[in-house]
Each structure stands twice: as C-alpha cells, then as structure tokens.
Amino acid sequence: MRKLLLFLALLLASFGFAQPDNDSLCLSRAEFKLAELINAHRAGLKLPPIALSGNLMKVARTHIYDLAENSPQNNRCNLHSWSKKGSWKGCCYTGDNQSAECMWNKPRELTDYVGDGFEIAYYQSVDMSPESALEGWKSSKGHRQVIENMGVWKKVKWNAMGLAIEGEFAVVWFGKEEDDFQVVHLCLTED
C-alpha cells in the first residue's frame, strides 16, 4: 500500500497542475481517477502500475467520440467498432474477433505510437463513473484478464495505457511498447 501511495504522489508531482503545452495532454478528473483505480487494483494484485501514454490517450478520446457521436456499435458490431465518419478506417468488430486488426492498428493509424493497441470498452445507460467502469470490467472475465494480466495476457507486460471516460462510455487502451509521449496533466478547467 505504501508503494502505491508513493507512486500516486509521484504521478501527481510529475504530471503537475500546469496548463498543458503542445507536447502534453490534459486528463479530466474522471480519467485521472480511472487511471488511479486501475493502477490501485493492479497494485493490490502485486502487479506494476501502467504508465499513461499521450498517444494512447488520443486513441481513447478519438474512439469515445466516435462511439458517442457516430454509434458504430449495433446488434452485430460491438464497442470495439469504428464508424467510417472520421479520419480513420472504419470497421465492424464482431464477437468472433475477425476484425481484431482494426483495433490493433488504431494507435499507429491515429498517432505516433509504434505498437499494437488492445482496448477494453464499457457502456451503461447512465453517466459513467470511474468506479462503475472498473466494476463493469472486473465483472467480465475477458476484460478483467486484460487488466490483471491473466489468461492469454499472463506473459504480457503493459507499458502504456490511455483511457477516456465520457457520458455513458469508458474505454482503456493498453500497449506493450513504452510511449515517449507520457507527459499528461490534470485539467485545470474542471471543477
């Protein structure tokens, strides 16, 4: 627990509360809290924290916008789907994972991140909170395994994480490669 508190203090100190510049990214309080909750959950399992990635944050924000504004998800296409209404390649991600490359390629398609991206997404019919997002993922075996490095993810080391939480949606993008774009600030404009 002491290591977790030290990590969180260093995280706050390193991100600071200054206005972000062109080489940084601003997190909402909900996004910051979600990152904090995910890393606290991992710490409770003796897993290392995952560094926040500016590039994966951009992917997460782009996807949450697409989900909320363009609704690529439907009875056939799940929350990992992307519409054709943006500067990205659209796809219908189905339960058989036949469109997995669409997800894996999004970080390289949208940013300078060099590795694959692995997303977990959650929807609820009321506004999302960081706590309800994490609880939703923990109640799903497949999503929980990604967060906890279990099952097929057991030997994977997550070195980068980006996330977004907005309205009824929450998404987290994980990456194996470290990201040079790690400077992320807590937004000053929120209450």
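This text goes with the structure placed above it.
In this report, we go over the structure that sits alongside the text. (Residues numbered from 1 in each chain as written. Predicted model: local features only at pLDDT ≥ 70, side-chain atom pairs only at ≥ 80, totals over all residues. Heavy atoms only, no water.)

**A closer look at the pattern of salt bridges**
A side chain of one charge can pair with a side chain of the opposite charge when the charged atoms of the two come close. Here is the rule: For this analysis, a salt bridge means a side-chain nitrogen from Lys or Arg found within 4 Å of a carboxyl oxygen belonging to Asp or Glu. Here a helix means four or more residues in a row that DSSP labels H or I, a strand means two or more in a row labelled E, and each is numbered from the N terminus. Exposed residues in this analysis have more than 50% of their type's maximum accessible area, buried residues have under 20%, and partly exposed residues fall in between, with area computed by a 1.4 Å probe over protein chains only.
Per the stated rule, a full pass over the model turns up six salt bridges. Between Arg-61 and Glu-31 there is a salt bridge whose closest N-O contact spans 2.5 Å. Of this pair, Arg-61 sits in helix α3 (residues 54–70) while Glu-31 sits in helix α2 (residues 29–44); the two residues are 30 residues apart in sequence, bridging distant segments of the chain. Under the relative-accessibility criterion, Glu-31 is labelled buried at 4%. One salt bridge connects Glu-36 with Lys-33, and the closest N-O pair in it is separated by 3.9 Å. Pair noted here: Glu-36 and Lys-33 are both in helix α2, with a separation of three residues, about one helical turn. Residue Glu-36 is classed as partly exposed on the basis of its relative accessible area of 21%. Note on Lys-33: relative accessible area 31%, which makes it partly exposed.

**A word on the sheet that holds strand β4 (residues 169–175)**
Our working rule: Pairing between strands requires that DSSP locate at least two bridges from one strand to the other. Helix axes are fitted only over the stretch in contact, all axes being lines through C-alpha atoms; the angle between N-to-C directions runs from 0 to 180 degrees. Residue contacts follow a heavy-atom distance rule, with two residues in contact if any of their heavy atoms lie within 4.5 Å.
Judged by pairing direction, the sheet is antiparallel, and its three strands sit side by side in the order β2-β4-β3 without closing on themselves. Taken across any chain shown, the strands that pair with only one partner, and hence form the sheet edges, are β2 (118–123) and β3 (160–166). Each neighbouring strand pair of the sheet contributes to a mean axis angle of 10 degrees, computed without reference to strand direction. Helix α5 (residues 130–138) contacts β2, β3 and β4 of the sheet and is inclined by roughly 115 degrees relative to β2. Contacting β2 and β4, helix α6 (residues 141–148) runs over the sheet at an angle of about 130 degrees to β2.

**Things to note about the pairing of β4**
When you tally the buried positions in β4, you get seven out of seven residues, the bulk of the element. Burial of the side chains of β4 extends over both faces: Phe-169, Val-171, Trp-173 and Gly-175 are buried on one face and Ala-170, Val-172 and Phe-174 on the other. Two elements, β2 and β4, share six bridges in a ladder whose sense is antiparallel. From the neighbouring strand, Glu-119 faces β4, where its bridge partner is Trp-173.

**Observations regarding the packing of aromatic side chains**
Using the following cut-off: For Phe, Tyr and Trp, rings pair up if their centres lie within 6.5 Å, where Trp contributes its six-membered ring, and each pair is then called stacked (planes under 30 degrees apart), edge-to-face (over 60) or tilted (otherwise).
Taken as a whole, this structure holds eight aromatic pairs when the rule is applied. An angle of 75 degrees between the planes, with centres 5.3 Å apart, marks the rings of Phe-118 and Trp-153 as edge-to-face. Of this pair, Phe-118 sits in strand β2 while Trp-153 sits in the loop between α6 and β3; the two residues are 35 residues apart in sequence, bridging distant segments of the chain. Across the pair, exposure class does not vary: Phe-118 and Trp-153 are buried alike. Ring geometry for Tyr-123 versus Phe-169: centroids 5.2 Å apart, planes at 50 degrees, classification tilted. In this pair, Tyr-123 sits in strand β2 while Phe-169 sits in strand β4, placing the two residues 46 residues apart along the sequence. Chaining the aromatic ring pairs together yields one cluster made of Phe-118, Trp-153, Trp-158 and Phe-174.

These figures capture arrangement, not role.
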